[in-house]
Amino acid sequence: MSLTLALTLNDKARTIELDDPRVTLLDLLRERLLLTGTKKGCDRGQCGACTVLVDGRRVNACLQLAASLDGATVETIEGVANGAALNPVQQAFIDHDAFQCGFCTPGQIMSAIGLLREAQTGADAERIREQMSGNLCRCGAYAGIVEAVLDAERESHNTQTRGAA
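Residues numbered from 1 in each chain as written. Predicted model: local features only at pLDDT ≥ 70, side-chain atom pairs only at ≥ 80, totals over all residues. Heavy atoms only, no water.

Visitor: Is there a simple way to think about the sheet that holds strand β3 (residues 51-54) in this case?
Guide: Within a sheet, neighbouring strands are paired by backbone hydrogen bonds and run either parallel or antiparallel to one another. Pairing within the open sheet is mixed, and its five strands lie in the order β2-β1-β5-β3-β4. Every interior strand has two partners, whereas the edge strands, β2 (12-18) and β4 (57-60), have only one. Direction aside, the axes of adjacent strands within the sheet are offset by 40° on average. Of the strand pairs in this sheet, β3 and β4 are connected by four bridges, and their pairing is antiparallel. Directly across from V54, in β4, lies its bridge partner R57. Here helix α1 (residues 25-32) sits on the sheet and contacts β1 (3-9), β2, β3 and β5 (73-75); the angle it forms with β2, its principal contact strand, is near 100°. Taken strand by strand, helix α3 (residues 105-118) contacts β3, β4 and β5, and its axis lies near 40° from that of β3. (Pairing = 2+ DSSP bridges. Helix = DSSP H or I, 4+ residues; strand = E, 2+ residues; numbered from the N terminus. Axes fitted to C-alpha atoms, helices over the stretch in contact; angles between N-to-C directions. Contact = heavy atoms within 4.5 Å.)

Visitor: In this structure, what is going on with unusual backbone geometry? I would like to understand it.
Guide: Negative phi values dominate among residues other than glycine, just as trans dominates among peptide bonds. One non-glycine residue, D11, lies in positive phi territory at about 70°. With respect to the element layout, D11 can be found in the loop between β1 and β2. The exposure class of D11 is exposed, given its relative accessible area of 71%. Although it is not a glycine, D55 sits at a positive phi angle of roughly 50°. (Buried < 20%, exposed > 50% of the residue type's maximum accessible area, 1.4 Å probe, protein only.)

Visitor: Sorry, what's going on with the pairing of β2 here?
Guide: As a general feature of sheets, a regular strand has side chains that alternate between the two faces. Pairing between β1 and β2: seven bridges, direction antiparallel. Directly across from T4, in β2, lies its bridge partner E17. Counted between consecutive antiparallel strands, the loop separating β1 from β2 contains two residues, among which N10 sits at a positive phi close to 50°.

Visitor: In this structure, what is going on with the packing of helix α2 (residues 88-95) against α3? I would like to understand it.
Guide: Two quantities define a packed helix pair, namely the angle between the helix axes and the distance between the axes. In contact at an axis separation of 9 Å, α2 and α3 are set at 125° when each is read in the N-to-C sense. The angle between α2 and α3 falls in the class oblique. The two elements α2 and α3 cross, and the hand of that crossing is right-handed. Across the interface between the two elements, V89, Q90 and F93 of α2 pack against T105, Q108, I109, A112, I113 and L116 of α3. For the contact of α2 with α3, the class distribution of residues is six nonpolar, three polar and no charged. (Parallel < 35°, antiparallel > 145°, perpendicular 65-115°, else oblique. Left-handed = near helix turned anticlockwise from the far one by under 90°. Nonpolar A, V, L, I, M, F, W, Y, C, P; charged D, E, K, R; others polar.)

Here it is in structure tokens:
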């Protein structure tokens, strides 16, 4: 049974034929669309390595059936930079050494972008730790990750303040 899926992927309209309605968003991204920045860690929704944004919300792509996304907007790590200009969260991760092996980094960055868009943490490091707790880092780079999110939040706040002036 074939199924046609229309979605917006990293700001581009896409029409995709699904041969199997059981394929996950993660497998569609990695195996079919060759967007390999989204990582397959546990494949059970426990590690956060596959975090992407669906309609602006943080989602574990390994748990999301692609067939359920008809009409959705999906953002992956490949779509967050603006050409050569990194997203402020990406730059903050570099500035604060918020990664070691890098395996979890795409999921961490996508989760942080979603978290900042939700605007529920402010400059509260403990709230950031709590809200990012679904993203595991085997190397233990959590201090740098929290600092990066705090820095990106400050940058976002400063940009909004400058824009309002």
